[in-house]
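If you want the building blocks of each chain, they are given just below.
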Amino acid sequence: MKLLRYGALGAEKPGLMDDEGTIRDLSDVIDDVTGDTLGDAVLDKLRGVDPKTLPAVEGTPRIGACVGNVGKFICIGLNYADHAAESGLDLPEEPVIFFKATSAICGPNDDIEIPRTSVKTDWEVELGVVIGKHTKYVSKEEALGHIAGYCVVNDLSERDFQLHRSGQWVKGKSCDTFGPIGPWLVTRDDIPDPQNLGMTLDVNGHRFQNGSTATMHFDVATVISHLSQFMSLQPGDVISTGTPPGVGLGQKPEVYLKPGDKMELEIQGLGTQRQTVVAG
């Protein structure tokens, strides 16, 4: 299934994308797409609903973040060997964990705001993992069963804030609009192998990132198991699992986003995001 949220910011409604590409309204079935509705029991109930019996959504509404009320937005750094190399950093022995503020979350096609005083706003296409059940001390073998689904994430980063403004990476990762999620949450049964998904990101029609989840240093199951040794994961938590090479920081010379730029990013089977960059 492809679950989504549509409508004005702060007033999104739950929806389902049918096989013909029509948004179907789920408001009479669930209140929203959140941790409360991402457990196996509710997802099984939704699978039993014939999409043709749901009201079709007219027009082209705004698409919101595919998960609402996210409790934790956890990111994994330097999880692709080539990206670590282009960043001039060693490949880690354990997953590098950092957080983005949940206030950074926005819709997949919303405008991206360059923060005031920013000089190095960068892009990162990443596979997002959405947790579906309480997860604590889970084994690698059991980890994938704790996933509700997958989505596209653009882990936008202000490199000067991140690397040169003292403290943790969170300063450069948490600016408003720096966490587009969606367009859809694709349930785990539709993605049998999360380690074989192509992923791309273009800026103004130029392809900067062209990678695959196959080259992750720590795979999805390892990441979830590792995280669960240090904190419990709750339904609706989002994990952004790292980016392949091709970020602006790694270009020679470096390239960063500016107002008017347009980004398009896609992960195989998970949909496409399209964003315009504006001044914050």
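Look a little higher up for the structure.
Residues numbered from 1 in each chain as written. Predicted model: local features only at pLDDT ≥ 70, side-chain atom pairs only at ≥ 80, totals over all residues. Heavy atoms only, no water.

Please explain the pairing of strand β4 (residues 73-77) as it appears in this structure.
Working note: regular strand, side chains alternate between the two faces of the sheet. Counting buried positions along β4 yields five of five residues, so the element is predominantly enclosed. A two-sided burial pattern is seen for β4, the buried positions comprising F73, C75 and G77 on one face and I74 and I76 on the other. Two strands pair when backbone bridges link them, and β4 and strand β16 (residues 238-240) are joined in this way by three bridges, in the parallel orientation. Residue pairing in the sheet places C75 in a bridge with S240 of β16. Bridge count for β4 against strand β5 (residues 96-99) is four bridges, and the pairing is antiparallel. Following the sheet pairing, I74 is matched in β5 by F99. (Buried < 20%, exposed > 50% of the residue type's maximum accessible area, 1.4 Å probe, protein only. Helix = DSSP H or I, 4+ residues; strand = E, 2+ residues; numbered from the N terminus. Pairing = 2+ DSSP bridges.)

Just checking my understanding: could you explain the pattern of salt bridges for this structure?
Close approach of charged atoms allows side chains of opposite charge to pair. All chains considered together, the criterion is met by 20 salt bridges. Put simply, D110 and R62 hold a salt bridge, and the shortest N to O gap is 2.9 Å. Of this pair, D110 sits in the loop between β6 (105-106) and β7 (112-114) while R62 sits in the loop between α1 (40-47) and β4; the two residues are 48 residues apart in sequence, bridging distant segments of the chain. A relative accessible area of 17% places D110 in the buried class. The class of R62 is partly exposed, set by a relative accessible area of 23%. A salt bridge links E254 to K120, with the shortest nitrogen-to-oxygen separation between them at 3.8 Å. One end of the pair, E254, is in the loop between β16 and β17 (262-267); the other, K120, is in the loop between β7 and β8 (121-122), with 134 residues separating them in the sequence. Residue classification places E254 among the partly exposed residues on the basis of a relative accessible area of 41%. (Salt bridge = Lys/Arg side-chain N within 4 Å of Asp/Glu carboxyl O.)

None of the figures reported here should be taken as evidence of function without further support.
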